[in-house]
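Take a look at the letters that make up each chain.
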Amino acid sequence: ETWSESASWIHASSDGESRAVEQAASAAITINSVLKMSDLGQVAVVTPTVGKFSVVNVSFVSSVAVTATQRIVITLPGMSSCTEGYGNTGTSIVQHLVIKAINVLNTDGTNAVPAQTVGSSKQVASTDADGLCPTSAQCYSRCKATDSEYGVLGQFKNVIELIPGFAIPANKRVVIEMTQVRMPGLIGLAGAAQVKIMRDSAECSVIQVSLLGPGTCQLDVGTFGAFALQPAVMPQANAKVSPRSLNVAQSTEYNVLFYSAAGIPKDGAITLTLPPGTIATGATVNGAAISGKVRTASGKNVFLKSPASSKDGTYTGTKLAVMQTIYCGVIETKAYLDGVTDTATTMTFPSNIWTGCHSHITAKQQTLTSYESINPDFGHRAGAAVNWEMINTNYRYALENVKLAGGTTVTTATNAAGNVEVTVSNFRYDFLPFGLINITLGGIVNGPIAGVTTSEYEIRTFATASATLPMETTTGVTGSLLTARPVTAALVHDGVGAHAKGGCLLAVDVLSDIPANSTLHLTFSASYAGANTLTSVLIATSAQLAGTAFAGRIPVTIVVEPAPGLSTNLKAVVTLREAIPRGQVLALKFLGSLRNPRRPGTPAVSNSFVIIDPAGFTQLQNTAIPQTVITAGALESSVMTTQYDIVGLRTWLRFTYTSPSEVFTGDYFTVKIPAAYSFTTTPTIVNGDVESYAYRPVLPAPDRVQDLARLPVLNVLGAVSGIPDTFGVTNIQGSLVTVKRCTVLSAGPDVSVSFALGPLLNRGYGSPKYPFGA
């Protein structure tokens, strides 16, 4: 309407007469066809969690009525109406928003219109030129991909266009109930929702304006409902932390595998919280990979499933490795939690990631020469230079995600609880949502206690390296059962002769913390004896370590006590009364009568030691201490006697000694004839033939003429004790005579050996006593 004449705006006189104070004529005013929506809008999110699916109720009051063919367009910033989509029919979309109902309410909460169930959200395809959805045709998801980017969420993934199908009166509260709305993947404040009331396509067909643009197609608009996103708590079973070596206090690699619903931006970060006592000052990033399943393979091409990117050329120049699932059996199982609102992914991992996956990853890996998405079902084609020669399609893939320029970085810190945290950041590519993330760290030193499972690990993901609020947290990840660590050890005997008796020195490299009152068990092989006689033990000196692997190091000084009640013939046990920190050398000097092996050589079975803590768990061990080479032992109780001690007379020499070692079949004796005796005739041994004589008593002596005629020039008379055997001379070199046993029976140990050699001729003059050598 227009003002055509003056009028009073206020009654200025007491008599009620109208009197104009100011007056002006205005031009005609046209009322705008777009009305502002009421500020009574609300967004209720049941699960405001990063990356999760949630029920979302959008409620608003509009001052305009909505016809059955007009549109309600809802924009949810950062959210998504679907997971990554596949094709133009929408049938391959993994999970899609569902509009459960539209409620139109009076101010008292009663239904102004009967509640309406909506079977389809009737969304506009992202390739539509005008952005509008014809009412006469079915419209598909805005998640539809373009031809060059199959699977990538479309431009309007966060836009829901609803054609109600019934009239909605003005100034009524409209509540739209939606399920399976995916929350933003980044932590922080989610932007406010926007609701627009739009004319139908027939009304706007001539205007041809964008769906989201201004203009007369828009009847009402409102913005409201910002909310804070909460970090997601991921199931602990969907993560696995695996040290390559489980040896206590060992520097090793750690593999971290975990499922992420939100994904991680390439500028984001991953933090691993380690159990107490674990050291990570030298931590390195040894690998990072995007992991998924192979769809199929053909020649030089491998077709990859999600979570690989759907953008052409993304991974060209990136290393791709594949491994058979028979070895690397990572299984992803998806299921609805309640059938409607949320999905759950359950991961199953191999018992040993290192032997199952890593040991087979180098068999087939190449740098990609091309990468493109060529069909609508996540068949991302990865091309390489040579044929992959894959025997079937049961493979997993790993796409390298370590940044080259600038480098993926790792930092360490200690949290308030005293645990070490390792943070990896600056990746080459985004880790896309709904995927398995694979990180390998090096230079981490396992905790100090073996035999007990460590406390649990924790994994957190962040949108940026500097962010303090995580996107996803996986707590309670199963700890690692550490085992005893093999360490260097040295064993030094007081004497190295066969069957010698004495003490020994044991030196051990203490590479993990040893609690007080632990016990050290030193076990000898079965060729030793008398370990239970080592009843006295001292701390060795640095000088006593000379010549060992510990030369120059200073042994730790602690209180040590023998534990004779635990010792046996082959094992000496001592109690370590004080704790020993890692990095020390424990050197113990045992005193006693340990008997060396009875025969020379290197014992076939090694000696060993273990250190067992008070709880009964082995902490350190060496099952094969470097062997001591045993040398020839000394003869015991050796005696030579002569049959006749008269000058110039024929005689036999008897040699007798005690043999602590067993006399084996192939053993032989060497005897050096003393200078006081000579051969009656120079003997000759041809081709090692044995001249033997079965002993039988000859009385009164074996030098009578009738007996001498039956004897060779040099012979051995059999033993009179110890070894039931016959002997023969097999070699003579000057005064050195070799005597061989003629049977195949072994005897001993600890037997007396006695045999006579002759005939020999005494000197023709008196002489002192001569020793013999053997």
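**Student:** Hey, could you go over the overall build of the protein for me, with residue numbers and the actual values?
**Tutor:** Scanning the protein from terminus to terminus reveals three helices and 49 strands. A buried classification covers 47% of the 774 residues belonging to the protein. Of all intrachain contacts in the protein linking residues separated by at least 6 positions in sequence, the fraction that spans at least 24 positions is 74%. Entry remark: accessible area of the protein is about 34,700 Å², with carbon and sulfur atoms responsible for 54%.

**Student:** Please set out the state of the cysteines residue by residue, giving values where relevant.
**Tutor:** Per the stated rule, a full pass over the model turns up one disulfide. For C328, the disulfide goes to C357, at an S-S distance of 1.9 Å. Because the sign of the S-S torsion sets the handedness, a value of about 85° for the bond joining C328 and C357 places this disulfide among the right-handed ones. One end of the pair, C328, is in the loop between strand 19 (319-324) and strand 20 (331-336); the other, C357, is in helix 2 (residues 353-361), with 29 residues separating them in the sequence. Note on C357: relative accessible area 6%, which makes it buried.

**Student:** Any details on the nonpolar core? Residues and values, ideally.
**Tutor:** One finds L274, L304, L320, L399, I439 and I459 to be the most contacted residues of the largest nonpolar core, which totals 44 residues. Once residues lying within four places of it in the same chain are set aside, the contact partners of I459 are A239, V241, V256, F258, I270, T271, L272, E472, T473, T474 and V477. Counting 38 residues, the second-largest nonpolar core is a separate cluster that includes V43, I197, F224 and A463.

**Student:** With reference to specific residues and values, describe the sheet that holds strand 27 (residues 420-425).
**Tutor:** Reading across from one edge, 13-30-29-16-27-26 is the order of the six strands in this open sheet, with mixed pairing throughout. Both edges of this open sheet fall to strand 13 (232-233) and strand 26 (409-414), since each of them pairs with a single strand only. The pairing of strand 13 with strand 30 (residues 472-477) spans two bridges and is classified as parallel. Its bridge partner being in strand 30, V233 is matched across the sheet by T473.

**Student:** Tell me about the packing of aromatic side chains, and name the residues and values.
**Tutor:** Enumeration over the complete set of coordinates arrives at six aromatic pairs. Each ring, one from Y315 and one from Y429, has its centre 4.9 Å from the other, and the planes form 85°; the classification is edge-to-face. Here Y315 is found in the loop between strand 18 (301-304) and strand 19, whereas its partner Y429 is found in the loop between strand 27 and strand 28 (435-445), with 114 residues between them in sequence. Looking at Y315, the relative accessible area reads 1%, which means it is buried. With a relative accessible area of 10%, Y429 lands in the buried category. Seen in terms of ring centroids, F427 and F431 are 5.0 Å apart; in terms of plane orientation they differ by 75°. Their pairing is edge-to-face.

**Student:** So what's going on with unusual backbone geometry? Residues and values would help.
**Tutor:** Look at N171: it is not a glycine, yet its phi comes out positive at around 60°. One non-glycine residue with positive phi stands out, namely S637, at about 55°. Inspection of the secondary structure puts S637 in strand 41 (residues 636-642).

**Student:** Let's hear about the sheet that holds strand 33 (residues 501-510): which residues, and what values?
**Tutor:** Across a sheet, strands are paired by hydrogen bonds formed along the backbone, either parallel or antiparallel in direction. Here we have four strands laid out as an open sheet, ordered 32-33-38-35, and antiparallel in their pairing. Where the open sheet ends on each side, the last strands, each with one partner, are strand 32 (489-493) and strand 35 (536-539). Across the sheet, the mean angle from the axis of one strand to that of its neighbour is 20°, orientation sign disregarded. Alignment of strand 35 against strand 38 (residues 584-595), held across four bridges, turns out to be antiparallel. Within strand 38, the position partnered with I539 by the bridge is L588.

**Student:** Explain the environment of H499 to me, using residue names and the numbers behind them.
**Tutor:** Here H499 shows up in the loop between strand 32 and strand 33. When the C-alpha atoms of H499 and N596 are compared, they prove to be 4.6 Å apart, with 97 residues separating the residues in sequence. Once you skip the residues sitting within four places of it in the chain, H499 turns out to touch R595, N596, P597, R598, G633, A634, E636 and P660.

**Student:** Explain the confidence of the model for the protein to me, using residue names and the numbers behind them.
**Tutor:** Across the protein, the average pLDDT comes to 79, with 75% of residues at or above 70. For residues 1-35, every residue scores under 50 in pLDDT, and the model assigns this stretch 33 contacts once sequence neighbours within four places are set aside. The model gives residues 119-152 a pLDDT under 50, and that stretch makes 94 contacts with residues more than four places away or in other chains.

**Student:** Please give an account of the environment of T278 that cites residues and values.
**Tutor:** Counting through the fold element by element, T278 comes out in the loop between strand 16 (269-273) and strand 17 (284-298). Relative accessible area serves as the criterion here: at 6%, T278 is assigned to the buried category. For the pair T278 and P448, spaced 170 residues apart in sequence, the C-alpha to C-alpha distance is 7.5 Å. Those residues in contact with T278, other than ones at most four positions away along the chain, are Y254, V420, I444, V445, N446 and G447. A polar atom in the side chain of T278 sits 2.9 Å from the backbone oxygen of P275.

What counts and what doesn't
Residues numbered from 1 in each chain as written. Predicted model: local features only at pLDDT ≥ 70, side-chain atom pairs only at ≥ 80, totals over all residues. Heavy atoms only, no water. Helix = DSSP H or I, 4+ residues; strand = E, 2+ residues; numbered from the N terminus. Buried < 20%, exposed > 50% of the residue type's maximum accessible area, 1.4 Å probe, protein only. Contact = heavy atoms within 4.5 Å. Areas by Shrake-Rupley, 256 points an atom, 1.4 Å probe, with all protein chains shown as cover. Disulfide = S-S within 2.5 Å. Core = buried A, V, L, I, M, F, W, Y, C linked by side-chain atoms within 4.5 Å. Pairing = 2+ DSSP bridges. Phe/Tyr/Trp six-rings, centres within 6.5 Å; stacked < 30°, edge-to-face > 60°. Axes fitted to C-alpha atoms, helices over the stretch in contact; angles between N-to-C directions. pLDDT = per-residue confidence, 0-100. Polar contact = N/O pair within 3.5 Å; in protein donor to acceptor, adjacent residues only side chain to side chain.

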